[in-house]
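Each chain, written out:
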Amino acid sequence: MTGPKVVVIGAGVVGAAVADELALRGWDDITVVDQGPLPATGGSSSHAPGLVFQTNANRTMTRLAQYTIDKLGRLDCFLPVGSLEVATSAARLAELHRRHGWLAAWGGRGSVLDPDECVRLHPLLDRGGVLGGLHVPADGLARAVRAVQVQLDRAAGRGARLLERHEVLDIRTSGGRVAGVVTDRGELPADIVVCAAGIWGPRIARMVGLRLPLTPLAHQLAWTGPVPALHGLTAEATHPILRHQDADLYVRDRGDRLGVGYYGHRPLPISADDIVPVSQAEIMPSMLPFTADDFEPAWTATRELLPAAREAKIDDAFNGLFSFTTDNLPLLGESPDVAGFWVAEAVWVTHSAGVGRAVAEWIVDGVSTFDLSGCDLNRFEAHQLAPDYVLARDCQNYVEVYDIIHPLQPMEAPRPLRTTPFYPRQQELDAAFLEYAGWERPQWYGANAPLVAGRRLPEPDGWAARFWSPIVGAEAQATREAVALYDMSTLKRAEVAGPGAADFLHWISTGDIHKSVGSVTYCLLLNADGGIRSDVTIARLGEERFQVGLNGQRDVDWLRRHAPAGVAITDLTAGTCCIGLWGPRARDVLQPLTDADLSNTGLRYFRAVRTYVGMVPVTALRLSYVGELGWELYTTADLGLKLWDTLWAAGREHGLLAAGRGAFTSLRLEKGYRSFGTDMTHEHDPFEAGLDFAVKLGKGDFFGRDGLLRRPHDRRLACLTLDGVVLGAEPVYSGDTAVGYVTSAAYGYTVGTGIAYAWLPAELAEPGRTVHIGYFDRRIPATVAAEPLFDPAMTRLKG
Ligand SMILES: Cc1cc2nc3c(=O)[nH]c(=O)nc-3n(C[C@H](O)[C@H](O)[C@H](O)COP(=O)(O)OP(=O)(O)OC[C@H]3O[C@@H](n4cnc5c(N)ncnc54)[C@H](O)[C@@H]3O)c2cc1C
């Protein structure tokens with residue numbers, strides 16, 4: 001036998017794909033176990049209509065779908081009938097252009113059609129009601145049950161064992177690792193367990209003490225009887241799959257019948273514990289009785305969109321169960337507490353083969369070729385695992401699944417959820433709050449409205465004008481003119497401390513950490529293949545004590561997984577807070593409040609000091625994400641308000657204001673500072689991202705170094721300037737070819753131009769080159785610029 005003993009729980013389309021992909025990588029001690037009969041086990045895959053739309057705001061989700069289409073196509077489990085998403089409102093038509101932009105940005109092909117072209121493609125459509133449609137020829141229908149069978153057969157052909165009608169009752173662990181899977185027909189020894197149990201996932205995960213944040217929700221699917229207009233059609237499918245998001249429904253054909261799926265009904269959640277056992281299910285455990293009243297609006301809308309359906313009746317309908325999560329993304333990865341317990345959950349058929357490959361790569365190689373940061377099981381903040389939160393968000397995501405959502409649009413409820421100590425002052429200053437990871441975060445302050453007068457602040461239009469105010473521009477300019485307070489508390493930070501902490505951080509990051517106490521180092525965490533895992537700021541506060549600025553819970557998990565015994569990783573975020581005090585007058589405000597020497601010789605750029613601001617003990621880090629003189633001032637949460645008030649009282653005579661995230665983003669982009677997750681991800685390496693300075697190749701071995709040295713560096717993160725403002729995630733064209741995509745975008749209120757960072761082929765990323773950004777139905781010319789646009793000599797920061 002090759003490889004460890006693996007037990008995959010669940011032989012749905014996900015478990016089958018994981019088993020196949022593990023076997024493809026040479027592991028042959030694999031057992032797939034399912035409580036139901038194979039291949040139609042009674043899970044969600046057994047009745048899924050199999051529509052595959054690859055277009056997604058999330059690049060990874062599109063890439064996972066593209067792999068699924070490709071693989072299932074090769075295995076004769078896919079019908080490439082194409083897809084058509086139709087618009088019946090002007091807002092939806094604009095949205096389809098935006099979706100087309102994502103598709104092009106992520107390397108897919110499609111086009112927005114006029115109503116005549118839509119009807120030519122799908123003759124059942126009512127020409128009068130349709131304003132246009134997004135056509136994606138490569139989309140189509142996955143034969144889900146066949147995909148289960150074929151992938152299981154392939155795995156079995158490479159030695160895997162398939163055990164149907166085996167119910168998993170428990171998971172045995174030993175010494176913090178999985179050791180075996182207990183079924184109703186005996187125990188299976190295991191070094192690795194993959195939970196691919198779909199809607200039953202929370203039950204399986206609980207067997208190892210893991211709380212899986214997903215909710216099974218019922219989703220309505222109805223099959224019609226024969227539609228006279230389709231008479232004589234016998235093929236598995238003839239027309240492109242349809243989506244009519246304005247009415248929350250989708251349609252496929254099968255022979256002379258139609259299948260209609262509906263998301264417009266009230267959320268119908270169910271606990272994983274309440275799913276009926278296989279033996280008691282009327283048809284299948286994942287099929288609940290149809291609630292006809294809920295479907296009524298869908299049937300009306302279907303007959304309006306497809307008048308031919310008026311001649312048909314609903315023949316067979318049910319409420320089918322599948323999983324929803326709090327951010328609509330899958331749950332992939334290894335348990336933080338029980339080694340060898342892996343999860344591949346909340347995955348649609350659309351992404352199933354891609355997820356199979358991604359998870360197999362991760363298990364076998366320690367890293368996937370896909371950027372899985374957004375899907376990581378360990379991405380959640382503590383409150384995001386609370387049952388009430390999970391239920392509320394999952395139900396809301398069901399409701400919003402086809403809604404048009406602006407990238408800045410915050411969740412409506414539950415809010416406010418997390419507030420920083422400065423919240424009362426921010427309210428007094430009439431903050432316009434958006435939300436980030438549950439935090440209330442000011443985008444701008446209404447109290448700064450008087451600053452707008454007399455300034456040149458160009459107004460964006462359309463989507464860029466939403467969640468925007470001219471105050472954003474005024475706050476950005478005022479920061480560069482005087483000084484501003486920025487609430488930076490929402491950024492993750494942890495203490496890394498204990499014997500060996502310095503060696504550990506030196507090894508896990510790309511930076512040189514063996515510097516004196518008081519040093520601050522900006523560097524990266526890499527994956528094993530040299531892709532960027534995160535960017536971090538490491539402040540050495542003691543010989544073996546560090547404060548590390550991180551990007552989220554995944555980073556805490558990563559450090560904990562790799563820290564040697566004796567090095568403790570403590571999340572400081574909730575118990576502390578941070579103010580960025582930045583601007584040319586920052587020293588005038590701060591120096592009188594402290595006995596620390598804040599001069600250029602007393603505290604140099606990228607140095608830290610423990611001191612007091614008035615009565616408040618702070619850790620002051622001399623750095624700035626807006627490119628101005630200043631400090632990040634950290635203190636404990638209890639003293640946060642006192643810190644704000646102390647700075648406020650001292651600062652008013654120097655023109656101090658509070659400024660929001662809108663200004664921050666504008667200033668950050670003028671300075672060319674990258675944001676992990678948006679500007680760079682696991683797909684990119686530091687050299688491509690322009691972060692060579694953060695990688696100390698000469699320091700000896702570090703995590704990801706070998707992988708980094710093996711990578712080609714054929715892309716660049718480039719700074720584009722343009723007339724106007726875009727949102728981010730748009731395609732970038734050279735001629736008619738999409739060659740890259742926008743990451744962050746904003747208007748630069750100091751430099752007086754629109755700014756967009758974008759990934760481009762290296763040969764196009766030369767200053768002076770002209771490209772075009774696809775923005776809705778327009779192409780906006782943009783020019784590659786030398787960066788940073790503002791203060792390249794760093795005189796402001798070091799002043
Ligand atoms: C009505 C409906 C329409 C849908 N339409 C689409 C669509 O058009 N396109 C799309 O992409 N997705 C669609 N989906 C979603 C899709 O069907 C699911 O996301 C997908 O099938 C989940 O696959 P899975 O392998 O994770 O889960 P499942 O197929 O449910 O497999 C999980 C398996 O785990 C087994 N299991 C659970 N507990 C145990 C245990 N204790 N012991 C042993 N075995 C166990 C179950 O028997 C089951 O076979 C639809 C879902 C529904 C309900």
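Above this text sits the structure in question.
Summarised in this report is the structure supplied together with it. Note that the structure is predicted; figures quoted are calculated from it, not measured.

Counting 58 residues, the largest nonpolar core has Tyr486, Leu524 and Met680 as the members making the most contacts within it. With five residues, the single largest contributor to this core is helix α11 (residues 470–481). Counting 49 residues, the second-largest nonpolar core is a separate cluster that includes Val8, Leu22, Val52 and Cys77.

The immediate surroundings of the ligand are formed by 33 residues, with Asp34, Thr41, Ser45, Val347 and Thr350 found nearest. In the environment of the ligand, an oxygen atom lies 2.5 Å from a nitrogen or oxygen atom belonging to the side chain of Ser45. Contact with the protein chains removes 98% of the 990 Å² of surface that the ligand exposes when unbound. Taken together, the elements giving at least two residues each to the shell around the ligand come down to α1 (13–24), β14 (214–224) and β19 (314–325). Of the residues that constitute the shell around the ligand, the class distribution is 17 nonpolar, 14 polar and two charged.

Below, the discussion takes up the environment of Glu543. Mapped onto the elements, Glu543 comes out in the loop between β27 (532–542) and β28 (545–549). Separated by 407 residues in sequence, Glu543 and Val136 have C-alpha atoms that sit 58 Å apart. Every residue in contact with Glu543, bar those within four places of it in the chain, is listed here: Ala502 and Val517.

It is worth spelling out the sheet that holds strand β6 (residues 111–113) at this point. As summarised here, the arrangement of the nine strands in space is β6-β7-β5-β15-β16-β17-β14-β19-β18, forming an open sheet in which the pairing is mixed. Of all strands in the sheet, those bounded by a partner on one side alone are β6 and β18 (287–288). Pairing of β14 with β19, which is carried by 11 bridges, proceeds in the antiparallel orientation. When the bridges of β19 are listed, Leu214 appears paired with Thr325. Packed onto the sheet, helix α9 (residues 387–399) meets β14, β17 (257–262) and β19 and runs at close to 25° relative to β14.

The next point concerns unusual backbone geometry. Cis geometry is found at the peptide bond from Arg415 to Pro416, where omega equals -10°. Summarising the element assignment, Pro416 is placed in the loop between α9 and α10 (423–428). Look at the link from Glu787 to Pro788: it is a cis peptide, with omega at -5°. Topologically, Pro788 is positioned in the segment after β40 (778–785). For Asp248, which is not glycine, the phi dihedral falls at a positive 60°. Located in the positive-phi region is Ala729, a residue other than glycine, with phi close to 70°. Position of Ala729 relative to the elements: it lies in the loop between β35 (715–722) and β36 (731–734).

Where α1 meets helix α8 (residues 352–365), the closest approach of the two axes is 8 Å, and the angle between their N-to-C directions is 45°. Between α1 and α8, the angle falls in the class oblique. As for the relative orientation of α1 and α8, their crossing is right-handed in sense. Only Ser352, Ala353, Val355, Gly356, Arg357, Ala360, Ile363 and Val364 of α8 make contact with α1, whose side of the interface consists of Val13, Val14, Ala17, Val18, Glu21 and Leu22. When grouped by side-chain class, the residues that make up the contact of α1 with α8 number 10 nonpolar, two polar and two charged.

Looking now at helix α7 (residues 292–305). In this model α7 runs 20 Å from its N-terminal to its C-terminal C-alpha over 14 residues, within 8% of the 20 Å that 1.5 Å per residue would give. All of the buried residues along α7 are Asp294, Phe295, Ala298, Trp299, Ala301, Thr302 and Leu305. Looking at the buried residues of α7, the elements they touch are β5 (83–87), β14, β15 (241–244), β16 (249–254), β17 and β19.

Moving on, we get to the pairing of strand β39 (residues 770–775). With two bridges connecting them, β36 and β39 associate as antiparallel partners. Paired with Tyr733 across the two strands is His772, which belongs to β39. As defined by bridge partners, β39 adjoins β40 across six bridges and the pair is classed as antiparallel. Of the residues in β40, the one forming a bridge with Val771 is Ala782.

With that settled, the discussion passes to the sheet that holds strand β9 (residues 161–163). Strand pairing in a sheet is mediated by backbone hydrogen bonds. Such pairs are either parallel or antiparallel. Pairing is mixed across the open sheet formed by six strands, whose spatial order is β9-β2-β1-β13-β21-β20. Each edge of the open sheet is held by one strand with a lone partner, namely β9 and β20 (331–334). Across the sheet, the axes of successive neighbouring strands diverge by a mean angle of 15°, strand direction being ignored. Looking at chain direction, strand β2 (residues 30–33) and β9 are connected through three bridges and run parallel. Looking across to β9, one finds that Val33 is bridged to Leu163.

Counted under the stated rule, the structure contains 24 aromatic pairs. Where Tyr250 meets Tyr263, the ring centres are 6.1 Å apart and the plane angle is 50°; that geometry is what we call tilted. Highlighted residues: Tyr250 in strand β16 and Tyr263 in the loop between β17 and β18, separated in sequence by 13 residues. The two residues Tyr250 and Tyr263 agree in class, both being buried. Pairing Tyr262 with Phe295 gives two aromatic rings, centres 5.9 Å apart and planes at 90°, and the pair type is edge-to-face. Of the two residues, Tyr262 sits in strand β17 while Phe295 sits in helix α7, which places them 33 residues apart along the sequence. In this pair, the class of Tyr262 matches that of Phe295, namely buried. Each member of the aromatic cluster is reached from another via a ring pair, and the members are Tyr250, Tyr263, Phe322, Phe324, Trp348, Tyr398 and Tyr402. Positioned over the ring face of Trp759 is Arg715, at 5.8 Å from the centre of the ring.

Reading the values: rules and limits
- Note on numbering: residues in each chain are counted from 1, in written sequence order.
- With the structure being a predicted model, the display of local features is reserved for residues of pLDDT at least 70 and the display and counting of side-chain atom pairs for 80 or more, all residues being used for whole-chain, interface and lining totals.
- Hydrogen atoms and water are omitted, and side-chain values are computed over all heavy atoms in the structure.
- Residues belong to one nonpolar core when they are buried, are Ala, Val, Leu, Ile, Met, Phe, Trp, Tyr or Cys, and are joined through side-chain atoms within 4.5 Å.
- Any residue under 20% of the maximum accessible area for its type is buried, any over 50% is exposed, and the rest in between are partly exposed; the area is computed with a 1.4 Å probe on protein chains only.
- The secondary structure listing takes helices from DSSP runs of H or I that are at least 4 residues long and strands from runs of E that are at least 2 residues long, numbered from the N terminus.
- When we say a residue is near a molecule or strand, we mean one of its heavy atoms is within 4 Å of it.
- Polar contacts, as counted here, are pairs of nitrogen or oxygen atoms within 3.5 Å of one another; within protein the pair requires one atom able to donate a hydrogen and one able to accept it, and residues that are adjacent in sequence qualify only if both atoms are side-chain atoms.
- Accessible areas in this description were obtained via Shrake-Rupley with a 1.4 Å probe; residue shielding takes into account the shown protein chains only.
- Amino acid classes used here: Ala, Val, Leu, Ile, Met, Phe, Trp, Tyr, Cys and Pro are nonpolar; Asp, Glu, Lys and Arg are charged; the rest, including Gly, are polar.
- Note on definitions: a residue-residue contact is assigned when non-hydrogen atoms from the two residues lie within 4.5 Å.
- What makes two strands pair is DSSP finding at least two bridges between them.
- The angle between two axes is taken between their N-to-C directions and runs from 0 to 180 degrees, where each axis is a line fitted to C-alpha atoms and a helix contributes only its stretch in contact.
- Reported orientations rely on four angle classes, namely roughly parallel under 35 degrees, roughly antiparallel over 145, roughly perpendicular from 65 to 115, and oblique for the rest.
- A crossing counts as left-handed when the near helix is turned anticlockwise from the far one by less than a right angle, and as right-handed when that turn is clockwise.
- By this rule the span expected of a helix is its residue count minus one, scaled by 1.5 Å.
- Ring pairs are drawn from Phe, Tyr and Trp, using the six-membered ring of Trp, whenever the two centres fall within 6.5 Å, and their geometry is named by plane angle: stacked under 30 degrees, edge-to-face over 60, tilted for the rest.
- In our convention, an over-ring charge means Lys NZ or Arg CZ found within 6 Å of a ring centre and within 35 degrees of that ring's normal.

In short, the description is geometric, and any link to function would need to be established separately.
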